[in-house]
Amino acid sequence: MRRIYLIRHGHPAFPLGAHVCLGRTDTPLGPLGRMQAAILGGAMRETALSAVFTSPLIRCRETAAPLGLAAIPETELAEQDMGPWDGLDFCEIRERWPELYARRGSEPLLVPPGAESFEAVQTRAMRALERRREQSEGDIAVVAHASVIQTLLARIEGIPLAESRPLRPPYTGCTILGWDGAYSLIKAAFTPQLPLTPALAETLLRAAAPGERVEAHCRAVAAEALRIAQALPLPLDRDLLASAALLHDIARAEAGHAGLGAAWLRELGYDRAAILVEQHHDLTAGELDEAAILYLADKLIQEERRVGLEERFAASESRCRTTEARAAHARRLMTARKLKEEINARCGREVVV
């Protein structure tokens, strides 16, 4: 039996949690989406695909890239054309079309005037799937959009379009179909997962692409965190520590980067690493654990150079413009000093200077 992998693209380049009516607007993947695509590629590395077909929109082509085959664009796999709503935030849609927006709850197939109907999406998506299946052999992957996959599954499973909303997959959600003269559902939508290791963290760091200087800083912090961990007579999870250290600044360019980076990691399923990343700027717990070591290691690395604790904080103090910022800076320095003293005392030598 042949297998057909229906894969939704990764998270596009808009803020996590944003609710955008993203149809034909050609938006690339954001950092989270690129990391999702990297995990997808790793998870499917052993899958023997003969061909990959993709929507022509860039967010699908970027998601397909890590699958290892040159993806073949298929126009009829493009996302639903949402007409005047395309590319708008749903808050704006609600303000500009209040009556039409209000009807969406009771009319799941409602689209604005000039938009493409769900029936039309289903017809062309099914036509594309049939054509590409007939033109290929073996197992194939189809990287497309929520509405395309939703309507395809409704047709294959015999579900009315008006009741098909639960069939919409999450970002990089993968549904496996079988083909043996007819389509069958082998596995409902799931998000491919990989265990977080330092090697995968390095891959995700490159995928997030926070910039060469930030990437170099992350690698230096990871090395420093491991140096401290190796000196401590404590049962620490060094792989977790190294992985979180490599990823601690993946959202450096954004406001509230520690919280956002942690949110991205939670979205990827890496909750333990997210806890460390969330605290690398402001430590909340008093225990000497992986989070504390990452916090201190980050304070000992300026760009990619190891420096003394006092030198590092003296360099950052000049950037504190407000009373609140100066108070936070002093609090972080006090926390780092306490960690330094405890680590050196436990090791019986000056591990941190």
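See the structure shown above.
Residues numbered from 1 in each chain as written. Predicted model: local features only at pLDDT ≥ 70, side-chain atom pairs only at ≥ 80, totals over all residues. Heavy atoms only, no water.

1. Quick look at the overall build of the protein chain
Scanning the protein chain from terminus to terminus reveals 14 helices and eight strands. For the protein chain, the spread of C-alpha atoms along the three principal axes comes to 70 × 50 × 30 Å. Here the protein chain, with 353 residues, has 52% of them falling under the buried criterion. Within the protein chain, contacts between residues separated by at least 24 positions form 66% of all contacts whose residues are at least 6 apart in sequence. (Helix = DSSP H or I, 4+ residues; strand = E, 2+ residues; numbered from the N terminus. Buried < 20%, exposed > 50% of the residue type's maximum accessible area, 1.4 Å probe, protein only. Contact = heavy atoms within 4.5 Å.)

2. Some words on the pairing of strand E1 (residues 2-8)
With respect to burial, E1 is a largely interior element, six of its seven residues being buried. Relative to strand E4 (residues 139-144), E1 runs parallel, the two sharing five bridges. Across the sheet, Ile 7 pairs through a bridge with Val 143, a residue of E4. (Pairing = 2+ DSSP bridges.)

3. Re the nonpolar core
Ranked by internal contacts, the top residues of the largest apolar core, which has 58 residues, are Ile 228, Leu 265, Ile 293, Leu 296 and Ile 343. Counting residues per element, this core draws most heavily on helix H8 (residues 212-231), which supplies nine residues. Filtering out sequence-adjacent residues up to four positions away, Ile 293 remains in contact with Ala 225, Ile 228, Ala 229, Leu 232, Leu 236, Leu 241 and Leu 288. Leu 6, Trp 85, Met 126 and Leu 161 belong to the second-largest nonpolar core, a separate cluster that totals 36 residues. (Core = buried A, V, L, I, M, F, W, Y, C linked by side-chain atoms within 4.5 Å.)

4. Looking at the packing of aromatic side chains
Inspection of every chain in the model, using the stated rule, returns three aromatic pairs. Here Trp 85 and Trp 97 contribute two aromatic rings whose centre-to-centre distance is 6.1 Å and whose plane-to-plane angle is 55 degrees, an arrangement assigned as tilted. Residue Trp 85 is found in the loop between strand E3 (72-73) and helix H3 (90-96), and its partner Trp 97 is found in the loop between H3 and helix H4 (98-102); the two are separated by twelve residues along the sequence. Judged by its relative accessible area of 1%, Trp 85 falls in the buried class. Since its relative accessible area comes to 21%, Trp 97 is described here as partly exposed. Relative to Tyr 183, the ring of Trp 179 lies with its centre 4.6 Å away and its plane at 55 degrees, an arrangement referred to as tilted. (Phe/Tyr/Trp six-rings, centres within 6.5 Å; stacked < 30°, edge-to-face > 60°.)

5. Details of the pairing of strand E5 (residues 174-179)
Side-chain direction in a regular strand flips from residue to residue, so the side chains alternate between the two faces of the sheet. Counting buried residues in E5 gives six out of six residues, a clear majority hidden from the surface. Bridge count for E5 against strand E6 (residues 183-190) is five bridges, and the pairing is antiparallel. Residue pairing across strands places Ile 176 opposite Lys 187, the latter belonging to E6. In this antiparallel pair of consecutive strands, E5 and E6, the connection spans three residues, and Gly 181 shows a positive phi of 90 degrees.

6. Topic: unusual backbone geometry
Located in the positive-phi region is Ala 209, a residue other than glycine, with phi close to 50 degrees. Tracing the backbone through its elements, the reader meets Ala 209 in the loop between helix H7 (198-208) and H8. Ala 209 sits in the partly exposed class, given a relative accessible area of 43%. Positive phi is not limited to glycine here, since Glu 303 has a value of about 60 degrees. The residue Glu 303 is located in the loop between strand E7 (301-302) and strand E8 (305-306) in this model.

7. Concerning the environment of Ala 64
Take Ala 64: it is sitting in helix H2 (residues 58-64). With 216 residues separating them in the primary sequence, Ala 64 and His 280 have C-alpha atoms 33 Å apart. For Ala 64, the residues in contact, after removing those within four places along its chain, are Val 52, Thr 54, Ala 71 and Val 143.

8. A look at the environment of Arg 124
Its place among the elements puts Arg 124 in helix H5 (residues 118-134). Residues Arg 124 and Leu 152, 28 residues apart in the sequence, show an inter-C-alpha distance of 9.6 Å. Setting aside residues no more than four positions away along its own chain, Arg 124 makes contact with Arg 24, Glu 76, Leu 77, Ala 78, Glu 79, Gln 80, Glu 116 and Val 148.

9. Brief notes about the sheet that holds E5
In spatial order, the strands read E3-E2-E4-E1-E5-E6; together these six strands make up an open sheet with mixed pairing. The outermost strands of the open sheet, each flanked by one partner alone, are E3 and E6. Most of the contacts of H5 go to E6, to which it runs at about 110 degrees, and overall it touches E1, strand E2 (49-54), E3, E4, E5 and E6. Together, E1, E4, E5 and E6 form the strand contacts of helix H6 (residues 146-157), whose direction differs from that of E1 by roughly 140 degrees. (Axes fitted to C-alpha atoms, helices over the stretch in contact; angles between N-to-C directions.)

10. Examining the pattern of salt bridges
Any two side chains of opposite charge can pair, on the condition that their charged atoms come close. Inspection of the entire model under this criterion finds 25 salt bridges. Notably, a salt bridge pairs Glu 76 with Arg 131, separated by 3.1 Å at the nearest N-O pair. Pair noted here: Glu 76 is in the loop between E3 and H3 and Arg 131 is in helix H5, with a separation of 55 residues, a long-range link. For Arg 131, a relative accessible area of 26% puts it in the partly exposed group. (Salt bridge = Lys/Arg side-chain N within 4 Å of Asp/Glu carboxyl O.)

11. A look at the packing of helix H9 (residues 238-247) against helix H12 (residues 290-299)
A packed helix pair is summarised by two numbers, namely the angle formed by the two axes and the spacing between the axes. At their nearest, the axes of H9 and H12 sit 10 Å apart, and the two run at 40 degrees to each other. In terms of orientation, H9 and H12 fall into the oblique class. Crossing of H9 over H12 shows right-handed handedness. Across the interface between the two elements, Leu 241, Ala 244 and Ala 245 of H9 pack against Glu 290, Ile 293 and Leu 294 of H12. Across the contact of H9 with H12, the residue classes break down as five nonpolar, no polar and one charged. (Parallel < 35°, antiparallel > 145°, perpendicular 65-115°, else oblique. Left-handed = near helix turned anticlockwise from the far one by under 90°. Nonpolar A, V, L, I, M, F, W, Y, C, P; charged D, E, K, R; others polar.)

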